[in-house]
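# Structural overview for review
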Amino acid sequence: VETGAGRMVAAKPARELREGDPVLVYVRPERACVGAAAASCENRFEARVVGANFQGDHTRLTLGFPASSNFTVKQNFFADAGPPAPGEPVVAGW
């Protein structure tokens, strides 16, 4: 699947698709990861942190992708140095 953020190599279609068919891609926020954890993901994209919202047991990051909509990622912890700051570039994956 080609997206505004780049090519997605792993996607499960809800119906049969033909090349060129428009699609919507949904990813559950808790299935996505950022930073070093994204290195092992099959789908990886460069993004920029738009916002970070601490929710007690997790942080919700809003990521902006080039030529695409914003995307929310739910992260349970950041073992290295805390969550990335708004404006910071990150790699996201799932």
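Details of the structure are given in the entry above.
Figured I'd write up the structure that's included with this text.

The rules we used
Residues numbered from 1 in each chain as written. Predicted model: local features only at pLDDT ≥ 70, side-chain atom pairs only at ≥ 80, totals over all residues. Heavy atoms only, no water. Pairing = 2+ DSSP bridges. Helix = DSSP H or I, 4+ residues; strand = E, 2+ residues; numbered from the N terminus. Core = buried A, V, L, I, M, F, W, Y, C linked by side-chain atoms within 4.5 Å. Buried < 20%, exposed > 50% of the residue type's maximum accessible area, 1.4 Å probe, protein only. Contact = heavy atoms within 4.5 Å.

The next point concerns the pairing of strand β4 (residues 44-54). Successive residues of a regular strand alternate their side chains across the two faces of the sheet. Two elements, β4 and strand β7 (residues 89-93), share five bridges in a ladder whose sense is antiparallel. Across the sheet, residue arginine 44 finds its bridge partner in β7, namely glycine 93. Bridging between β4 and strand β5 (residues 59-64) involves six bridges; their strand directions are antiparallel. Bridge pairing links arginine 48 to glycine 64 in β5. With antiparallel pairing between neighbouring strands as the criterion, β4 and β5 make up a hairpin whose turn holds four residues, including glycine 56 at a positive phi of roughly 90°.

The next thing to look at is the sheet that holds strand β3 (residues 33-34). Pairing in this open sheet of five strands is antiparallel, and the strands run β3-β7-β4-β5-β6 from one edge to the other. The open sheet has two edge strands, β3 and β6 (71-75), and neither has a second partner. Pairing between β3 and β7: two bridges, direction antiparallel. Pairing of cysteine 33 across the sheet is with glycine 93, part of β7.

Attention now moves to the nonpolar core. As a rule of thumb, soluble globular proteins bury nonpolar side chains together. In terms of nonpolar packing, the biggest core is built from 13 residues, with Val34, Leu63, Phe65, Phe71 and Val73 touching the most fellow members. Breaking this core down by element, the ones donating at least two residues are β4, β5, β6 and β7. Broken down by element, this core gets its largest block of residues, three residues, from β4. Apart from the residues lying within four places of it in its own chain, the contact partners of phenylalanine 71 are Val27, Ala32, Leu61, Thr62, Leu63, Phe65 and Trp94.

Another point: the pairing of β6. Burial along β6 is one-sided: the residues Phe71, Val73 and Gln75 are buried and none of Thr72 and Lys74 is. Taking the residues between adjacent antiparallel strands as the criterion, β5 and β6 are bridged by six residues, where alanine 67 takes a positive phi near 55°.

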